[in-house]
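Descriptive structure summary
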Amino acid sequence: AQTVTQSQPEMSVQEAETVTLSCTYDTSENNYYLFWYKQPPSRQMILVIRQEAYKQQNATENRFSVNFQKAAKSFSLKISDSQLGDTAMYFCASAGGTSYGKLTFGQGTILTVHP
Amino acid sequence: KAGVTQTPRYLIKTRGQQVTLSCSPISGHRSVSWYQQTPGQGLQFLFEYFSETQRNKGNFPGRFSGRQFSNSRSEMNVSTLELGDSALYLCASSLDGPGGEQYFGPGTRLTVT
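Residues numbered from 1 in each chain as written. Chains lettered and ligands numbered in written order. Predicted model: local features only at pLDDT ≥ 70, side-chain atom pairs only at ≥ 80, totals over all residues. Heavy atoms only, no water.

1. Thoughts on unusual backbone geometry
Here is the rule: The helix and strand labels rest on DSSP assignments: H or I over at least four residues marks a helix, E over at least two residues marks a strand, and numbering proceeds from the N terminus. Exposure categories follow from relative accessible area, calculated using a 1.4 Å probe and restricted to protein chains: below 20% of the type maximum is buried, above 50% is exposed, and the middle band is partly exposed.
Here Thr7(B) and Pro8(B) are connected by a cis peptide whose omega angle stands at -10 degrees. As for its position among the elements, Pro8(B) is in the loop between β1 (5–7) and β2 (10–13). A positive phi angle is found at Arg43(A), which is not glycine, with a value near 80 degrees. Structurally, the position occupied by Arg43(A) is in the loop between β5 (32–39) and β6 (46–52). Its relative accessible area of 34% is what places Arg43(A) among the partly exposed residues. Backbone geometry places Ser72(B), a non-glycine residue, at a positive phi of 75 degrees. When you line up the elements, Ser72(B) lands in the loop between β7 (64–68) and β8 (74–78).

What follows is the structure in structure tokens.
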């Protein structure tokens, strides 16, 4: 079984600044995958970044990077140079290596970027 | 490539009725997953289909069912609708394999009155 916890219901940041969203998870599987998804007001879920648990190197996608701490079961998302278009709900999610097609989501963090 | 499409986008039904939602995956994607999103319960996994077979199922009552066709298009059905079934239903497709990136459709907003 997998559980994902996001302890920050809401966060805000000024445009061009950096913000970090927290996520912790628990899993009984040795092989698993972690994701951050963004859901703007349009409700369209967009994949932001993906991390394979067996890879120690932190994933990076342009302004988005993660800090993956496997022993602590922590998977935080850092957004650099925040833009107004980053305003959205952000979901942390996990998928077990043997659990096809099933993502377990956290409760989400509403991020507001202020001009 | 065209993205995941879902129809209809909005739906209003009354208690006791049944409803069918449709999802067309990205071309070449054979795995289709369904999720229910509500303010109270968040995002919950309903089921996943691959090659017309249900491979994984979440903890939902039997009123929720689905199927997948040979062209990978999928439908989900909810029978005997309850007020609590009001939600945004999201469909996602992916290439096969564990940990595959899922690409989501725009969702179907179902309101049960």
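2. Quick word on the nonpolar core
Note the cut-off: Take the buried residues of types Ala, Val, Leu, Ile, Met, Phe, Trp, Tyr and Cys, join any two whose side-chain atoms come within 4.5 Å, and each joined set is a nonpolar core. When checking whether two residues touch, look at their non-hydrogen atoms; a contact exists if any pair is within 4.5 Å.
In terms of nonpolar packing, the biggest core is built from 24 residues, with Trp36(A), Phe75(A), Leu77(A) and Tyr90(A) touching the most fellow members. Within the residue set of this core, elements represented by two or more residues are β3 (19–21), β5, β6, β8 (64–69), β9 (74–79), β10 (88–96) and β12 (109–114) of chain A. In contact with Leu77(A), not counting residues within four places along its chain, are Val19(A), Thr20(A), Leu21(A), Trp36(A), Val48(A), Ile49(A), Phe64(A), Ser65(A), Val66(A) and Tyr90(A). Counting 21 residues, the second largest nonpolar core, distinct from the first, contains Leu21(B), Val78(B), Ala87(B) and Val112(B).

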